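Survey of secondary and tertiary structure
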Amino acid sequence: MENVKQFLQGAKLDSWTAAVLTGAACAVGALVLLVQRVSSHREMKEKIRRARNRRADSLQRAEQAVLQYKKSHPIIDSAHILALSLSELTKKLQEGSLSPEDVFYSYMEKTLDVTKDLNCCTGIILESLDQLEKVAASNKEGLLYGVPVSVKENIACKNHDCSCGVLINLDQPAQEDSVLVEVLKRQGAIPFVKTNVPQGLLSYDCGNPIYGQTLNPHNLKKTSGGSSGGEGALIGAGGSLLGIGTDVAGSIRIPASFCGICGLKPTPGRLSLKGVNAIYHGQKSVPSCPGPLARDVDSLAVCMQALLCDDMFSLDPTVPPIPFNMQMYQSSKPLRIGYLENDGFTEGSPSMVRAIREVKALLEQAGHTLVPYSHLRLCDTVNELMVKGVLADGAATLCQKLKGSPLDPCIKQQVLPYFFPKWLKKTLSFLLKPVFPRASRIFSSICGVRSVSDLWKQHAAAEEYIRETIAEWRRHNIDVLLCPIIGPAFNLFYCGKATTALSYTGLYNLLTFPAGVVPVSTVTAEDEEELRHYQGNYQDLFDRIFKEAVTGGEGLPVAVQCVALPWHEELCLRFMREVEHLVKQSRK
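The notes below deal with the structure included here. (Residues numbered from 1 in each chain as written. Predicted model: local features only at pLDDT ≥ 70, side-chain atom pairs only at ≥ 80, totals over all residues. Heavy atoms only, no water.)

**Overview of the pairing of strand β9 (residues 262–265)**
Spelled out, the test is: Summary of the burial criterion: residues with accessible area below 20% of their type's maximum are buried, those above 50% are exposed, and those between are partly exposed, where the area comes from a 1.4 Å probe applied to protein chains only. The helix count covers DSSP runs of H or I at least four residues long, the strand count covers runs of E at least two residues long, and both are numbered beginning at the N terminus. By the convention used here, strands pair only if DSSP detects at least 2 bridges between them.
Side-chain alternation along β9 places Cys262 and Leu264 on one buried face and Gly263 and Lys265 on a second face that is also buried. Of the strand pairs in this sheet, β9 and strand β10 (residues 289–294) are connected by 2 bridges, and their pairing is antiparallel. Across the sheet, residue Gly263 finds its bridge partner in β10, namely Leu293. When β9 meets strand β14 (residues 515–522), the two strands line up antiparallel, connected through 3 bridges. Counterpart to Leu264 in the pairing with β14 is Gly516.

**Notes on the sheet that holds strand β1 (residues 121–124)**
Quick reminder of the rule: A fitted line through C-alpha atoms represents every axis, and for helices the fit uses only the stretch in contact; the resulting angles, taken between N-to-C directions, go from 0 to 180 degrees. Two residues qualify as a contact provided that any one of their heavy atoms is within 4.5 Å of a heavy atom in the partner residue.
Read across the open sheet, the 11 strands follow the order β1-β3-β2-β8-β10-β9-β14-β15-β13-β11-β12; overall the sheet is mixed. If you trace the sheet from one side to the other, it starts and ends with β1 and β12 (369–372), each paired once. Ignoring which end each strand starts from, the neighbouring axes of this sheet average 30° apart. When β1 meets strand β3 (residues 190–195), the two strands line up antiparallel, connected through 3 bridges. Within β3, the position partnered with Gly123 by the bridge is Lys194. The strands touched by helix α23 (residues 569–587) within the sheet are β9, β11 (336–339), β13 (480–484), β14 and β15 (557–563), with β14 carrying the most contacts at an inclination of about 10°.

**Considerations on helix α22 (residues 541–550)**
Rule in force here: In this description, the arc belongs to the directions extending from the helix axis to the C-beta atoms. Under the rule applied, a polar contact is a pair of N or O atoms within 3.5 Å (in protein, one hydrogen donor and one hydrogen acceptor; residues adjacent in sequence only if both atoms are side-chain atoms).
Residues of α22 that are buried include every one of Phe542, Asp543, Ile545, Phe546, Ala549 and Val550, and no others. Along the axis of α22, the buried residues cluster in a sector spanning 160°; they form a single face. Considering only its buried residues, α22 is in contact with β7 (219–223), α13 (350–365), α18 (437–445) and α21 (525–531). Looking at where α22 begins, the residue whose side-chain oxygen comes 3.2 Å from the main-chain nitrogen of Phe542 is Asp540. A positive phi of about 80° marks Gly552, the residue just after α22.

**Concerning the side chain of Thr500**
Counting through the fold element by element, Thr500 comes out in the loop between β13 and α20 (503–511). By relative accessible area, Thr500 is classed as buried at 6%. With residues up to four places along the chain from it excluded, the contact list for Thr500 reads Phe345, Thr346, Arg438, Ile442 and Phe542.

**A closer look at the packing of aromatic side chains**
The cut-off we apply is this: Pairing of aromatic side chains requires ring centres within 6.5 Å, counting the rings of Phe and Tyr and the six-membered ring of Trp. Pairs whose planes differ by under 30 degrees are stacked, by over 60 edge-to-face, and all others tilted. Throughout this description, the term charge over a ring refers to an Arg CZ or Lys NZ atom that lies within 6 Å of the ring centre and within 35 degrees of the ring normal.
If you walk through the whole model with that rule in mind, you get 12 aromatic pairs. Judged by centre distance (5.1 Å) and plane angle (90°), the rings of Phe104 and Tyr105 are edge-to-face. Tyr105 carries the same exposure label as Phe104, and that label is buried. An angle of 50° between the planes, with centres 5.2 Å apart, marks the rings of Phe436 and Phe542 as tilted. Of this pair, Phe436 sits in the loop between α17 (422–432) and α18 while Phe542 sits in helix α22, placing them 106 residues apart in sequence. The class for Phe436 is buried, based on a relative accessible area of 14%. You can call Phe542 buried: its relative accessible area is 11%. Positioned above the aromatic ring of Phe345, the side-chain terminus of Arg438 is 5.2 Å from the ring centre. Its end group placed over the ring of Tyr494, Lys497 keeps NZ or CZ at 4.0 Å from the ring centre.

**Digging into the side chain of Ser349**
Structurally, Ser349 can be placed in the loop between β11 and α13. For Ser349, a relative accessible area of 2% puts it in the buried group. Leave out the neighbours within four places in its chain, and Ser349 touches Gly487, Pro488, Phe546 and Val550.

**Examining the nonpolar core**
As a reminder, the rule being used: Note on terminology: a nonpolar core comprises buried Ala, Val, Leu, Ile, Met, Phe, Trp, Tyr and Cys residues joined through side-chain atoms within 4.5 Å.
Phe490, Leu573 and Val579 are the most contacted members of the largest nonpolar core, which has 120 residues in total. Once you skip the residues sitting within four places of it in the chain, Phe490 turns out to touch Tyr204, Lys222, Thr223, Phe258, Cys495, Ala498, Phe546, Ala549 and Val550. Ile279, Leu340, Trp473 and Leu511 belong to the second-largest nonpolar core, a separate cluster that totals 43 residues.

**Observations concerning the packing of α13 against α23**
Just so we agree on the cut-off: Here roughly perpendicular refers to angles of 65 to 115 degrees, roughly parallel to angles under 35, roughly antiparallel to angles over 145, and oblique to all remaining angles. Note that Gly is not counted as nonpolar here; it falls among the polar residues with everything else outside the nonpolar set of Ala, Val, Leu, Ile, Met, Phe, Trp, Tyr, Cys and Pro and the charged set of Asp, Glu, Lys and Arg.
For the pair α13 and α23, interaxial distance at closest approach is 10 Å and the crossing angle is 95°. With respect to α23, the axis of α13 lies roughly perpendicular. On the side of α13, the interface is formed by Val359, Leu362 and Leu363, while α23 contributes Phe575, Glu578, Val579, Leu582, Val583 and Ser586. Residue composition of the contact of α13 with α23, grouped by class: 7 nonpolar, 1 polar and 1 charged.

**Some details on the state of the cysteines**
Note: disulfide means a covalent bond formed between the sulfur atoms of two cysteine side chains. Spelled out, the test is: In this description, the term disulfide denotes a pair of cysteine sulfurs within 2.5 Å.
Going through the model one piece at a time under the given rule, you end up with 0 disulfides. Cys572 supplies the cysteine sulfur nearest to Cys289, a cysteine that is in no disulfide, at a spacing of 11 Å. Among the cysteines around Cys562, which has no disulfide bond, Cys572 carries the closest sulfur, lying 6.2 Å off. For Cys562, a relative accessible area of 0% translates into the label buried.

Shown next, in the form of structure tokens:
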């Protein structure tokens, strides 16, 4: 409108005529803006409608295919098939005592049943029906011959959207499979379903305006975690035995913890990122990476062995050609293990602390050496390197992606401050510093960095922190680290409020260390009673929110986190397998 005013003044009209014309122009401009907003709203609703219709159609067609197959094969023992571990299943498929068709339709039926309650799937990959015929007729090559595999929504499958939970990315189906999906297919696996994610991915909840909220398989009042929450829920409920997710600050490990399954975040670069979509690209401070989720550790190892093959190294030459080191994974050499119960930033729930103590005792009884360990300058690191690294642009790119879209309830409280102008963030940071120091530092961090020069300094600081941490491991002479993982599963809509708890997972993305999660226990009545007296490290609002988030968790899974140095996924998995084995032995 300012341009209109200047034009009218330049035309040297009398003041009354100029005022009338200016008012008319303003009215027309407002009307045009209103029409644009209405049009945009209609377009947004239409995009959601189309996406939901595609999902409903794929589920319906898959259900019809299952009914048709069961009608012609009435004696399938689906319960037996679904109870098999991945290693047992692959053995039976290879020897021919099970057919790929029986396995596929058993898992398809279970997936369709599970997603009715948990809302964990964004659509069936109908091309899998055609692939099944080819696999069944093949010569049984591949480590994952005949195995149905679930895939997180942001991982490209040809002809399917990778929306990352945001409307702007809908109606843009992938032109080709991601390298991960292509390699899985070459290993005989059948990617058959895509799973739900939170809006924008940068959340450890799992809801978006397109597909809705995913629920926890153990308690429908709890979240599945995120951002690989659809994977966690589907595998935790038995609808899949192997899935592929992604992890930028715990997005594989938190759903694994919440849903009672295993998950591995590898070293960034160990697996191909080609065709793996992020909400925005170019963020290098806290790298994202894909990784497997499964019911047990051996399944994770089989998946890594299958993926780390010549096909991956040729399809994506940026991946270092390092095959899976089976000798390291199968080693029985006693380990020197660092451990911590409290990271100093977020005090864990009573069940988190108890899990570490119980696993520590089991490891010591088995002949391993346990050494107390603590992180270096974690408070500064969380804010200045992790948060400021992920949101280096002051969250401008994320906000642009979310613009014009309703904010899902699971991320609303987390994301709303991102939209504040920079001066307001800085003012709030200043005002809150004396009374709420953690919130003050968060508001300062989400302002991002001021310049390219500052970003380079931030990258240099992250590199130095990695070097210092490795030196600290050397000083303690430890092979691996045992530490807590967030849990039990949060009550719905608390993840966006309890962001400080990400200190337990995001640190290892910053460090680029491989980290995995193993379920070891469940929440007891005693844990719940002890939680009543929980105060936290800071005794502030974030600690009170964390307490509320985990309340009511009796019976839910509890896990621990196992960490190794970069490029030592096999050692990390070996440590995870040791924990898993000792816990199983202790229950007998």
